[in-house]
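Architecture at a glance
Chain by chain, the residues:
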Amino acid sequence: MVLKHSIAGLSLLALALAAIGGPAGRVLAQSGPGSIRGHVDIQRPASPIERRVTASEPGETMAHESPRDRRAVVYFETAPRGAFEDRESPHATLDQRNEAFVPHLLAITVGTVVDFPNSDRTYHNVFSLSKTKRFDLGRYGTGRSKSILFDRPGIVRVFCDIHSHMNAFILVFNHRFFAVTDADGHYEIDGVPTGTYTLSAWYEGAVRDQGSVTIGPEQRAPELNFTVR
Amino acid sequence: MPARPASFPAACGLRRLAGSFLLVWLVCVARVSGQEWTPQPITGLDGRFTLRGDATATIGTDDTGYFNYTDYDHTTLHLVRFDATAALRAGDHVTFLTELRAEGDSLHGEWLGAVYAAFVRYRPWTARPIDLSAGLVPTAFGAYTARSYATDNLLIGTPLAYQYLTAIRSDAIPANADQLAAMRGRGWLVEYPIGSHTLATGLPLVSLSGYDTGLLVQAGGVRGRVQGLASVTAGTLGSPGIDHNGSPQVAGRLVVRPAIGLVLGASAASGHFLEQSVADLLPPAQQHRRYPQRAWGADAEYSREYWLVRAEVVASDWRLPVIDQPAIDRPLGSIAWYAEGRYKIVPGLYAAARYDHMTFSDIQTSLGKTTWDAPVSRVEAGVGYSLTRWLLIKATIQHNTRDTARVPALTLPSLQAVLWF
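**Describing the environment of A:Glu218**
You can see A:Glu218 is positioned in the loop between β16 (206-215) and β17 (226-228). In this structure the C-alpha to C-alpha distance between A:Glu218 and A:Ile155, which are 63 residues apart in sequence, comes to 36 Å.

**Comments concerning empty space enclosed by the protein**
Residue and element names in this part refer to chain B. Throughout the structure, instances matching the rule amount to four cavities of 30 Å³ or more. Within this model, the second largest cavity holds a volume of roughly 130 Å³. Every residue lining the second largest cavity is counted, 14 residues in all, and those nearest its centre are Thr 139, Thr 145, Ser 207, Gly 210 and Tyr 211. In terms of residue class, the lining of the second largest cavity is made up of seven nonpolar, six polar and one charged.

**Here's the deal with the sheet that holds strand β2 (residues 73-76) of chain A**
Residues and elements named next belong to chain A. Pairing is antiparallel across the open sheet formed by four strands, whose spatial order is β13-β2-β15-β16. A strand with exactly one partner marks an edge of an open sheet, and here the two such strands are β13 (178-180) and β16. Across the sheet, the mean angle from the axis of one strand to that of its neighbour is 20 degrees, orientation sign disregarded. In terms of strand pairing, strand β15 (residues 195-203) meets β16 through nine bridges, oriented antiparallel. Looking at β16, one finds that Tyr 203 is bridged to Ala 206.

**Focus: the sheet that holds strand β10 (residues 145-150) of chain A**
Residue and element names in this part refer to chain A. An order of β3-β7-β10 is seen for the three strands of this open sheet, with the pairing classed as mixed. The sheet is open, and its two edges are formed by β3 (91-93) and β10, each paired on a single side. Within the sheet, the average angular offset between the axes of one strand and its neighbour, ignoring direction, is 25 degrees. Pairing of strand β7 (residues 112-117) with β10, which is carried by six bridges, proceeds in the antiparallel orientation. Its bridge partner being in β10, Val 113 is matched across the sheet by Leu 149.

**What about a nonpolar patch on the surface?**
Residue and element names in this part refer to chain B. Nonpolar side chains collect at one region of the surface, where Val 313, Ile 335, Trp 337, Tyr 355 and Val 379 lie side by side and expose about 400 Å² of accessible area between them. Looking at the element boundaries, Val 379 is found in strand β20 (residues 376-388). Classification of Val 379 by relative accessible area gives partly exposed; the value is 43%.

**A look at the packing of aromatic side chains**
Across all of its chains, the model carries 18 aromatic pairs over all chains by this definition. Consider the rings of B:Tyr66 and B:Tyr69, whose centres lie 5.1 Å apart with planes at 90 degrees: the pair is edge-to-face. Residue classification places B:Tyr69 among the buried residues on the basis of a relative accessible area of 18%. Pairing B:Phe360 with B:Trp372 gives two aromatic rings, centres 5.0 Å apart and planes at 80 degrees, and the pair type is edge-to-face. Placement of B:Phe360 in strand β17 (residues 349-360) and of B:Trp372 in the loop between β19 (368-371) and β20 is noted, with a sequence separation of 12 residues between them. For B:Phe360, a relative accessible area of 8% translates into the label buried. Three or more aromatic residues joined by ring pairs form one cluster here, namely A:Tyr75, A:Phe173 and A:Phe178. Geometry around B:Tyr350 places B:Arg342 over its ring, the cationic atom sitting 5.9 Å from the centre. A cation sits over an aromatic face here: B:Arg354 above B:Tyr338, 5.8 Å from the ring centre.

The rules behind each value
- Sequence positions are assigned chain by chain, starting from 1 and proceeding in written order.
- Going through the entries in the order they are written, you letter the chains from A and number the ligands from 1.
- Confidence filtering applies because this is a predicted model: local features only for residues at pLDDT of at least 70, side-chain atom pairs given and counted only at 80 or more, and all residues used for totals across whole chains, interfaces and linings.
- Neither water nor hydrogens contribute to the side-chain values; these are computed over all heavy atoms in the structure.
- A run of DSSP states H or I qualifies as a helix once it reaches four residues; a run of E qualifies as a strand once it reaches two. Both are numbered from the N-terminal end.
- A cavity here means a set of points on a 1 Å grid, drawn over the protein atoms and nothing else, where a 1.4 Å probe fits but cannot get out; a pocket is an open set with protein on both sides within 12 Å along at least five of seven lines, and a residue lines either one if it has an atom within 4 Å of a point.
- Grid points are joined across faces, edges and corners, and a volume is the space filled by probe spheres set on the points.
- For this classification, the nonpolar set comprises Ala, Val, Leu, Ile, Met, Phe, Trp, Tyr, Cys and Pro, the charged set comprises Asp, Glu, Lys and Arg, and every other residue, Gly included, is treated as polar.
- A pair of strands is considered paired only if DSSP assigns at least 2 bridges between the two.
- In this analysis, axes come from line fits to C-alpha atoms, helices being fitted only over the stretch in contact, and the angle between any two N-to-C directions falls in the range 0 to 180 degrees.
- Residues with no salt bridge and a relative accessible area higher than 30% make up the patches, which join like charges within 9 Å and nonpolar side chains (Val, Leu, Ile, Met, Phe, Trp, Tyr) within 5 Å.
- Per-residue and other accessible areas follow the Shrake-Rupley method at a 1.4 Å probe size, with only the shown protein chains counted as cover for residues.
- What makes a salt bridge here is a side-chain nitrogen of Lys or Arg within 4 Å of a carboxyl oxygen of Asp or Glu, nothing more.
- In this scheme, a residue with accessible area under 20% of its type's maximum is buried, one over 50% is exposed, and one in between is partly exposed, where area comes from a 1.4 Å probe on protein chains only.
- Pairing of aromatic rings covers Phe, Tyr and Trp, the last counted by its six-membered ring, and requires centre-to-centre distances within 6.5 Å; plane angles under 30 degrees mean stacked, over 60 mean edge-to-face, and any other angle means tilted.
- Lysine and arginine charges are scored as sitting over a ring when NZ or CZ, respectively, is within 6 Å of the ring centre and within 35 degrees of the ring normal.

In short, shape yes, function no, at least from these values alone.
Right, dumping it as C-alpha cells:
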C-alpha cells in the first residue's frame, strides 16, 4: 500500500516536473507577485534508516539521525508561465557528516551543481541509481569534494555504497516554485504571479497531501497548510 | 565435525518452490518500484528492535570436483539462502542479537535451518567502543569472516581458506601417513579407521558454517584506527559450534587503519580440535595430549576512487596422534591465500577477480614424500550489476585446478541474485 502510494506520488511529481513552459495554472492576471506560506504538519515522522545489524561487527557508537530532522517539500504541481526562464547555474551542497547526508532532503532547480564534500574521517562512496541521474562518485576521504550537475527534473535517491544507512533525497525541479520546510514545518514561496494553483506536500518519497490556493488583488499572501499522516 | 543445523528434507520441494516464487516476486517488485523504494531494516519499539534480511539464490553448473563444497554439505555455487538478523537493545548497555539462516541447494540436497548467531552484547561504557559478547559469537579471526554475506562478497565463490574441505576430520583420524595420503583431494568425503566410521566431510581451515560458543571482547581506539578482538570459544576455527573435548580455543585479531582506505589485520588462534570420542580410542599415554589446530592470518585492504583490492593469507596446522608407521609425526600444515580486486566500470556495474591458492606440507608415505592433501588453485572473475539499490546480480566464471588424478581441473560458470534490506 505504501509502495503503491509512493509510486503514485512520484508519478504526480514527474508530471509536474515535466510541464516545461506550458500555460500552467489558471492565471487570473499578470499583476504584481504574491507569496504563499503555510505549515506542513508531519504527524508521524519517518524513522531514519537504521544501520544493518550484523553479528560479525561491533556495536554502533555513532549518534543516530533524529526523526525531527526530516522535512517536507511544498511545490507547485503546475508552474506559472515564465517560471522556466531562469537560467542560473547555482551550487548546492550535500555534506557527508557523522555517517549521514546533510541535509537529508535537498530541493534544487535543473542546472544546479551539487557538491558532495566528505566531512568524516572515513571513506564515503556517494552514488545513485535513479533514472533521473545515475552516478557513482567513488571512494574519497576527508576534506575532498566531488560535484554533479543535475540536468533533468525528477527525484534522485542518494546512497553511500559503504554505509547502507546513509541516504538522501534530491528533488530536481524545472521551476523555482517550491520550498523546503524549516525545522518547525513552515514554508514560504515568494514571487508568485496572481492565479490559482495546486500545491503538493511531498515527504519521504511520496506526495502526502495536496491543496489549492488563489493569489489575487485581494489576497496577496494566502496561507495553505498540509497534513502528512 | 561442526555442529550441524536441523534439516528438514521432507518439505524440500515445497520450500524450494516457495523460495523460487519469493525471489521471482521480489525481482518483479524491484523492477516495478525501481530505485525509489528504499530498502531498510525493519525497526520497532522506538528503534530498539532492528531486523535485517538477505536472500541469495545461486545457480551454476554441477561441481563434479567438489571444489566449492562446504562443511554444510552444500556447494556455494548452488546455494539458496535466507538470512535474518535481529537486534534488540535492552537499555543503553545491553543488546540481544540473533541471526537465523535457512539454506538449500538449487539443484539437489537437503534444506537446513540454523541459529547462526545468538548472543548478548554488553557495552560497559556507552561512549567507549568496548563490547563484551557471550553466547554463540563470531570467532576473532580473519577478515573474510566479517564479509561472508553475499552482499559483501565481490564474487560468488568463497575463498579457499574459508570453504575448501581438507582431508582432516575432528571425529576420525588415520592411523598412518598412507591412510591420510589416500584421502588427498577428497575432503568432501573422508573416511578413516579410527573414530567415526561414517563418511563425512573434512574440515576447512576456517569454517563459516556457524559461530562458536563462548566469549568475545571487542575494543576500538585511536579514533577508530585500531580495533582489537579476543575470543575464547568451545570449538576451533575448522570445527566451530559445540565443545567436543572440554578444551577451549583462544583467538585474537588486531585491525589497524593507518590511513583512510587502508586496513591491515593480523589474527591468531589455537584450540584443541580432536574430539574426545577419538582421543578415548588412543593408547593411554596419548589420550591426554593436546591435538591442536593452530592458525595465523594476515590481511590487507586498500580502496580508492573506483578501486578496491584485498589480500589475505591463512596458515594453519593440525597435530595428529602418532599411531602407526609411516607415522604422521609432524603437524599437518596448510597455507591458503588469495588476492582480489574490484573496479566500478559505470554506476551500478563492477568487474571483479580473485586468485586463490592453497598448499599443504609434506608427509612421508610408503610410496615416498607427498603433500598430505592435494594443492588447489582457483581463478574467479565476473561482474556485478545492481538493478536497484537492493538487488544485485552477479555472474562469474571460476577455473579450479587440483593436483589429483580425479577431476584435476574444472571450469564453473554461475549466476547469483542477492536481495537485501
